[in-house]
Amino acid sequence: MTSEITVNGRRYAAPSEPTVVVCIDGCEQDYINQAIRAQVAPFFASLATRGTVLTADCVMPSFTNPNNLSIVTGAPPSVHGISGNYFFDPEQGVEVLMNDAKYLRAPTILAEFSKAGRKVATITAKDKLSALLGCGLEGVRFSAEKANEATLADNGVDDVLAKVGLPLPAVYSAELSQFVLAAGVWLMKTMRPDIMYLSTTDYVQHKHAPGTPAANAFYAMLDKYLASLDAMGAVIGVTADHGMNAKTDSVGRPNILFLQDILDAHFGAGACRVILPITDPYVVHHGALGSYATVSAPAPMLAEAARCLGALEGVDHVLDNATACARFQLPNDRVGDLVVLARRLFTLGTAAQMHDLSGLTAPLRSHGGLTEQQVPLLFNRQVRSETARLRNFDVFALALNRSI
């Protein structure tokens, strides 16, 4: 078997020990800090002395799909093509979920190692990522959400519920993430993959702030499973797809700018189209509200639309396509004419009538903007970086090469 591979222009040493990369969805760094402070996360606490504790930037927009694909390709969205969870496809003339492997423009580290003869596994919480993460992978690949449907032919494993020893979790639950980690521990005991990627869900982080009992309990659970992987000799790298922030006013009411309503009032109904790339099949916990939006509009309207939106309290930046794509390394053809970023305490919506907020049983917490860009980058080994700016998609290079 080869001693190294090159993927998207980056070299990765073949693992000499099982290597596990974990993406904790929505992991604002303070969640780990508060769990350590509460003395419920001894594995995380130990990394300060025996491992490596770093901070990285996630890719923009700070959403799930673009960041998970950046992590497994080791590259920004301009390379792999996944610019959000949702986008306007000009070829079809419709808004679509970007969860089909046909939208992926680059190979993954997982697929290339599997083709090089290494044992590879990937487990994700929500099924929306399965096709993308498993694209080209010759190994184990399934989601916790549909673990009961996994077959040997399609997923490289079957009878998952019985083998992991847990019931099928609800999609809106902490147990969905627990299943991912428990399945990872089971695979390490039985298959011992050379490379394993585990990706959780941010249901807890959308509902609970750092340091709350529910958040600390969730991180204590993660800590326990990570400690088990550590005890089995795995090299572990931990990062996140994005952070998380409160998006409310001083009494807990959601701060929402309904951009479609604002533009319709200014230009007339339907003259501009607002797209929310946070949109996916799982909107109950955030109401499809995030801090990043794109706008498509006729060229003569763009300058005035930018002025209109830029004047709103709560808007941080309004960038044209070329500027946004150059700054954030995005694919120009999958981003609107304008990119709108909200300030820390604000979210962006389309039209008020298009958002069902009945599922927001706790004060709104969400992500998508620059204020959710910093994430943990942690290892249970000593690694070295001479790079001025670390990205979450450096995690595989650091875990495998121990330096970049």
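Residues numbered from 1 in each chain as written. Predicted model: local features only at pLDDT ≥ 70, side-chain atom pairs only at ≥ 80, totals over all residues. Heavy atoms only, no water.

Novice: What's the story with unusual backbone geometry in this structure? I'm lost.
Specialist: In terms of backbone geometry, most residues other than glycine have negative phi values and most peptide bonds are trans. Cis geometry marks the peptide bond from methionine 60 to proline 61; its omega dihedral reads -5 degrees. When you line up the elements, proline 61 lands in the loop between β4 (52-57) and α3 (64-73). The backbone of glutamine 39 sits at a positive phi, close to 60 degrees, despite the residue not being glycine. For glutamine 39, the location among the structural elements is in the loop between α1 (29-37) and α2 (42-50). If you check the backbone angles, glutamine 329 has positive phi at about 55 degrees while not being a glycine. Considering the arrangement of structural elements, one finds glutamine 329 in the loop between α14 (321-328) and β16 (338-342). (Helix = DSSP H or I, 4+ residues; strand = E, 2+ residues; numbered from the N terminus.)

Novice: Help me out: how do you make sense of the packing of aromatic side chains in this one?
Specialist: This structure, assessed with the given rule, holds seven aromatic pairs. Ring geometry for phenylalanine 63 and tyrosine 292: centres 5.9 Å apart, planes at 85 degrees, overall edge-to-face. Note that phenylalanine 63 is positioned in the loop between β4 and α3 and tyrosine 292 in strand β14 (residues 292-296), a separation of 229 residues in sequence. Here the two residues phenylalanine 63 and tyrosine 292 agree in accessibility, since each one is buried. Ring centres 5.5 Å apart and planes at 85 degrees place the aromatic pair phenylalanine 87 and tyrosine 103 in the edge-to-face group. (Phe/Tyr/Trp six-rings, centres within 6.5 Å; stacked < 30°, edge-to-face > 60°. Buried < 20%, exposed > 50% of the residue type's maximum accessible area, 1.4 Å probe, protein only.)

Novice: Just to check I follow, could you spell out the nonpolar core for this structure?
Specialist: Considering soluble globular proteins, one finds that nonpolar side chains tend to be buried as a cluster. In this structure, Phe44, Phe142, Tyr219, Leu229 and Phe396 are the most contacted members of the largest nonpolar core, which totals 89 residues. For this core, the element with the highest residue contribution is helix α9 (residues 174-190), accounting for ten residues. Phenylalanine 44 has contacts with Ile24, Ile32, Ile36, Tyr219, Asp223, Leu226, Val238 and Leu378, leaving out every residue within four places of it along the chain. Membership of the second largest hydrophobic core comes to 29 residues, among which are Met60, Leu259, Leu276 and Ala293. (Core = buried A, V, L, I, M, F, W, Y, C linked by side-chain atoms within 4.5 Å. Contact = heavy atoms within 4.5 Å.)

Novice: Just checking my understanding: could you explain the packing of α1 against helix α11 (residues 213-231) for this structure?
Specialist: Geometrically, a packed helix pair is captured by the angle between its two axes and the distance between the axes. Between α1 and α11, the shortest axis-to-axis distance is 9 Å and the interhelical angle comes to 85 degrees. On the basis of the axis angle, α1 is roughly perpendicular to α11. Side by side, α1 and α11 meet where Tyr31, Ile32, Gln34 and Ala35 of the first sit next to Ala215, Asn216 and Tyr219 of the second. Grouping the constituent residues of the contact of α1 with α11 by class yields five nonpolar, two polar and no charged. (Axes fitted to C-alpha atoms, helices over the stretch in contact; angles between N-to-C directions. Parallel < 35°, antiparallel > 145°, perpendicular 65-115°, else oblique. Nonpolar A, V, L, I, M, F, W, Y, C, P; charged D, E, K, R; others polar.)

Novice: Would you explain the layout of surface pockets in this entry?
Specialist: Space inside the second largest pocket adds up to approximately 190 Å³. Taken together, 16 residues form the lining of the second largest pocket, with Phe88, Thr294, Arg334, Val335 and Gly336 sitting closest to its centre. Among the elements of the structure, β5 (86-89) and β14 are those that each provide at least two residues to the lining of the second largest pocket. (1 Å grid on protein atoms, 1.4 Å probe; cavity = no way out; pocket = protein on both sides within 12 Å on 5 of 7 lines; lining within 4 Å. Points joined across faces, edges and corners; volume = space filled by probe spheres on them.)

Novice: Looking at this structure, I do not really get empty space enclosed by the protein. What am I missing?
Specialist: A water-sized probe, rolled over the atoms, reveals where empty space remains. What the rule picks out here adds up to three cavities of 30 Å³ or more. When its volume is computed, the second largest cavity comes out at roughly 50 Å³. Lining the second largest cavity, in full, are Asp25, Thr64, Thr124, Lys126, Lys128, Leu129, Ser199, Thr200 and Thr201.

Novice: Explain the sheet that holds strand β13 (residues 273-275) to me, please; I cannot follow it from the model alone.
Specialist: Each strand in a sheet pairs with another by means of backbone hydrogen bonds, the pair being arranged parallel or else antiparallel. Taken together, the four strands give an open sheet; going across it, the order is β13-β14-β16-β15, and neighbouring strands pair in antiparallel fashion. Every interior strand has two partners, whereas the edge strands, β13 and β15 (315-320), have only one. For this sheet, the mean angle separating the axes of adjacent strands, direction not counted, is 25 degrees. Pairing geometry for β15 and β16, over five bridges, is antiparallel. Each residue of the ladder has a partner; that of leucine 319, found in β16, is valine 339. Here helix α12 (residues 259-267) sits on the sheet and contacts β13, β14 and β16; the angle it forms with β13, its principal contact strand, is near 170 degrees. Along the sheet, α14 contacts β15 and β16; its crossing angle with β15, the most-contacted strand, is approximately 105 degrees. (Pairing = 2+ DSSP bridges.)

Novice: Looking at this structure, I do not really get the pattern of salt bridges. What am I missing?
Specialist: Side-chain pairs of opposite charge can arise where the charged atoms are in close proximity. Summed over all chains, the structure comprises 15 salt bridges. Of the charged contacts in the structure, one is a salt bridge between glutamate 17 and arginine 381, with a shortest N-O distance of 3.1 Å. Of this pair, glutamate 17 sits in the loop between β2 (10-13) and β3 (19-23) while arginine 381 sits in the loop between β19 (374-379) and α15 (395-401), and the two are 364 residues apart along the sequence. By relative accessible area, glutamate 17 is classed as partly exposed at 28%. (Salt bridge = Lys/Arg side-chain N within 4 Å of Asp/Glu carboxyl O.)

Novice: How should the packing of α12 against helix α13 (residues 299-310) be read in this particular structure?
Specialist: At a minimum axis distance of 11 Å, the contact between α12 and α13 shows a crossing angle of 125 degrees. If you check the angle between α12 and α13, you find them oblique. Crossing geometry of α12 relative to α13 is assigned as right-handed. Contacts between α12 and α13 involve Leu259, Ile262, Leu263, His266 and Phe267 from the first element and Met301, Glu304, Ala305, Cys308 and Leu309 from the second. When its residues are assigned to classes, the contact of α12 with α13 shows eight nonpolar, one polar and one charged. (Left-handed = near helix turned anticlockwise from the far one by under 90°.)

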